[in-house]
Each structure stands twice: as C-alpha cells, then as structure tokens.
Amino acid sequence: MRGVVPKVKKQMGLKKKMNRLLFSTMIPMACLLVILLLIFWQYAGQYNKLSENLAVSSKFNLSFKDELDLEMYYLAIGSKEASELDDVVGQVEDAQEIMEKLRKNTYHASGVKCLNSLDAYLDNLKKRMVQLMEIKEYDRRMEFMDSNIRIITGLIMQEMQNYIYNESMYLVQVETSLTHRVKILISGMAVLLLATLGILMRRSFRLTGGIIRPVTEMLDNCLLYTSPSPRDVEESR
C-alpha cells in the first residue's frame, strides 16, 4: 500500500501537466481569435468610411455641375440679380466643406491628391464667378461663361470621378487584404488546434494507462492477501 501513494502522487503530477498543456495551447488560440476580431473591427470601420465617401462623392458628382452651370447661366443672361451671386458662391463653399469631410476619411495618397485638386478648382471657380459678374457686355459674359465656368465645373466633375474610382479600388484592396489575413489566421488556428488535439490524446492515453495500471496492481494484491491458502481450505474441511 505504501508503494501506491507515490504512484498516485505521480498521476496527480501528470494531471497538472495536462492542465498546463491545455492552458498553454488555449492561450495562443485565444490570442489568435482576439487578433481576428480586431482585424474584422478595423475592416468594418474602413468599409463604413469608404462606403460613406463613395455615397457622398457620387451624390455630389450627380448634380453639382448641372446645377451650378444653370445658376451661373441665369446670372450671366440677367435672369437673376447680381446680388444673388452670394447664394451661388455659397454652393461652392458647401462643396468645399464636403471636400473637407471626405478628407477626414481618406487615407491613401491618390485620393488625397484628387481632393487637393478639387480644392484648387473650387477656389478658382469662385474667383471666375466674381469676374463673370464684373463683365458688362453680354457677348463677353457668355464667352467667359463657356471658356471658364463650364470648363472648371467639367474639371471638377472629372476629378471627382477619379476620386470615386480611387476609393473603389482602395475598397477592393482592403477586402483583398482582409481575406488574406483571415486565411492566414484561420490556417494558424487550425494547425494549432490539430496539434493540441494530437498532444492531448497522446497524453490522455498515457495518463489513463498510468492510472489503470497501479489500480489493477493494487486490486491484484488485495485479492492475493484476502484469498485463502490451500492449507486453510484443507483444514476447514
């Protein structure tokens, strides 16, 4: 019986080792899971910002040129008073505020470059609008309108299309990068899980065998001590 106690202690040590092994393998898996969740969180934030940029820029590009050209045409032909120029200039200033809003959510160089060009075009457009109203002759006004205002608004629309294209391509890059990272993390988690299962199964078999063997030996010893000897059987007869 005394020899059984060290064996039991040995089995308890094996159990502790099993628990340590389990925790040591689960911790890396938990870390990989946390990293995966952080990547998804980052992607969700980038996706929302890019989607918002595409929605705002598409809406801007849909109506800005036509509306501004029409307003400036009415001012050029005299259908509207010169005092109403401030309202049209306000539309350009609203467009500049939109550019600033887009700039806050734009991180790649090509998109920032487009926004810088748009800011320059909008500043130039305001100057040309004021110059147009300073021209008194009708023919010169219409010529200035065609060669300046409409050309600049056309450049603004074209540059905004470039911005939309760049944002769309950047969105594709973000999706591709996310897919690549997720594949790497999932592969790592799968390999770690398989390795953990293999080690745990191997240790479990050893631990089970180590527990059953001393118990079996103990039972055999007990039966040996308690079973009657042949002499005792003869005497009892």
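Details of the structure are given in the entry above.
What counts and what doesn't
- Residues numbered from 1 in each chain as written.
- Predicted model: local features only at pLDDT ≥ 70, side-chain atom pairs only at ≥ 80, totals over all residues.
- Heavy atoms only, no water.
- Helix = DSSP H or I, 4+ residues; strand = E, 2+ residues; numbered from the N terminus.
- Buried < 20%, exposed > 50% of the residue type's maximum accessible area, 1.4 Å probe, protein only.
- Contact = heavy atoms within 4.5 Å.
- Patch = residues over 30% accessible without salt bridge, like charges linked within 9 Å, V, L, I, M, F, W, Y side chains within 5 Å.
- Areas by Shrake-Rupley, 256 points an atom, 1.4 Å probe, with all protein chains shown as cover.
- Salt bridge = Lys/Arg side-chain N within 4 Å of Asp/Glu carboxyl O.
- Lys, Arg positive; Asp, Glu negative; His and termini not counted.
- Charge placed at Lys NZ, Arg CZ, Asp CG, Glu CD.
- 1 Å grid on protein atoms, 1.4 Å probe; cavity = no way out; pocket = protein on both sides within 12 Å on 5 of 7 lines; lining within 4 Å.
- Points joined across faces, edges and corners; volume = space filled by probe spheres on them.
- Nonpolar A, V, L, I, M, F, W, Y, C, P; charged D, E, K, R; others polar.
- Phe/Tyr/Trp six-rings, centres within 6.5 Å; stacked < 30°, edge-to-face > 60°.
- Polar contact = N/O pair within 3.5 Å; in protein donor to acceptor, adjacent residues only side chain to side chain.
- Expected span 1.5 Å × (residues − 1).

Trainee: I keep staring at the overall build of the protein and nothing clicks. Help me out?
Mentor: Counting its secondary structure elements, the protein contains five helices and zero strands. Beginning at the N terminus, the succession of helices and strands in the protein can be written as α-α-α-α-α. Here the protein, with 237 residues, has 30% of them falling under the buried criterion. Sequence separation of 24 or more characterises 81% of the internal contacts of the protein that already satisfy a separation of 6 or more.

Trainee: Help me understand a negative patch on the surface, please; the structure alone is not making it clear to me.
Mentor: Judged by side-chain charge, Asp 86, Asp 87, Glu 93, Asp 94 and Glu 97 come together as a negatively charged surface patch. When you line up the elements, Asp 87 lands in helix H2 (residues 85-104).

Trainee: I would appreciate a short explanation of the layout of surface pockets in the present structure.
Mentor: In this approach, a probe sized like a water molecule rolls over the atoms, and the result shows the empty space that is left. Its volume calculated, the largest pocket comes out at about 270 Å³. In this structure, the largest pocket is lined by Val 56, Lys 59, Phe 60, Ser 63, Phe 64, Glu 67, Gln 91, Asp 94, Ala 95, Ile 98 and Lys 101. Secondary structure elements with two or more residues in the lining of the largest pocket: helix H1 (4-77) and H2. Ranked by residue count, the leading element in the lining of the largest pocket is H1, at six residues. Class assignment of the residues belonging to the lining of the largest pocket gives a composition of five nonpolar, two polar and four charged.

Trainee: I would appreciate a short explanation of the side chain of Gln 96 in the present structure.
Mentor: Within the element layout of this structure, Gln 96 appears in helix H2. Once residues lying within four places of it in the same chain are set aside, the contact partners of Gln 96 are Asp 119, Leu 122, Asp 123 and Lys 126.

Trainee: How do you make sense of the packing of aromatic side chains when you look at a structure like this?
Mentor: For any pair of aromatic rings, geometry is given as the distance between the ring centres together with the angle between the planes. Tallying each qualifying case throughout the model produces two aromatic pairs. Relative to Phe 64, the ring of Phe 60 has its centre 4.6 Å away and its plane inclined at 25°; by these criteria the two rings are stacked. With Phe 60 and Phe 64 both in helix H1, this residue pair falls four residues apart, about one helical turn. One exposure class covers both Phe 60 and Phe 64, and it is buried. An angle of 50° between the planes, with centres 6.2 Å apart, marks the rings of Tyr 73 and Tyr 74 as tilted.

Trainee: What am I meant to see in the side chain of Thr 106 here?
Mentor: Relative to the helices and strands, Thr 106 is located in the loop between H2 and helix H3 (109-134). By relative accessible area, which is 6% here, Thr 106 ends up buried. A polar atom in the side chain of Thr 106 sits 2.7 Å from the side chain of Tyr 163. In this view, Thr 106 contacts Asn 53, Gly 111, Val 112, Leu 115, Tyr 163 and Glu 167; residues no more than four positions away in its chain are not counted.

Trainee: Looking at this model, I keep getting lost on H2. Mind explaining?
Mentor: Since the α-helix advances by 3.6 residues per turn, residues separated by three or four positions end up pointing in the same direction. The end-to-end C-alpha separation of H2 is 29 Å, in line with the 28 Å expected for 20 residues at 1.5 Å each. Where H2 is concerned, the buried positions are Leu 85, Val 88, Val 89, Gly 90, Val 92, Ala 95, Gln 96, Met 99 and Leu 102.

Trainee: Would you mind showing me how to read the pattern of salt bridges here?
Mentor: Opposite charge on two side chains allows them to pair when their charged atoms are near. With the rule as written, the count across this model stands at seven salt bridges. For Asp 69, the salt bridge identified is with Lys 65, shortest N-O distance 2.9 Å. With Asp 69 and Lys 65 both in helix H1, this residue pair falls four residues apart, about one helical turn. Summarising the burial analysis for this pair, Asp 69 and Lys 65 share the class buried.

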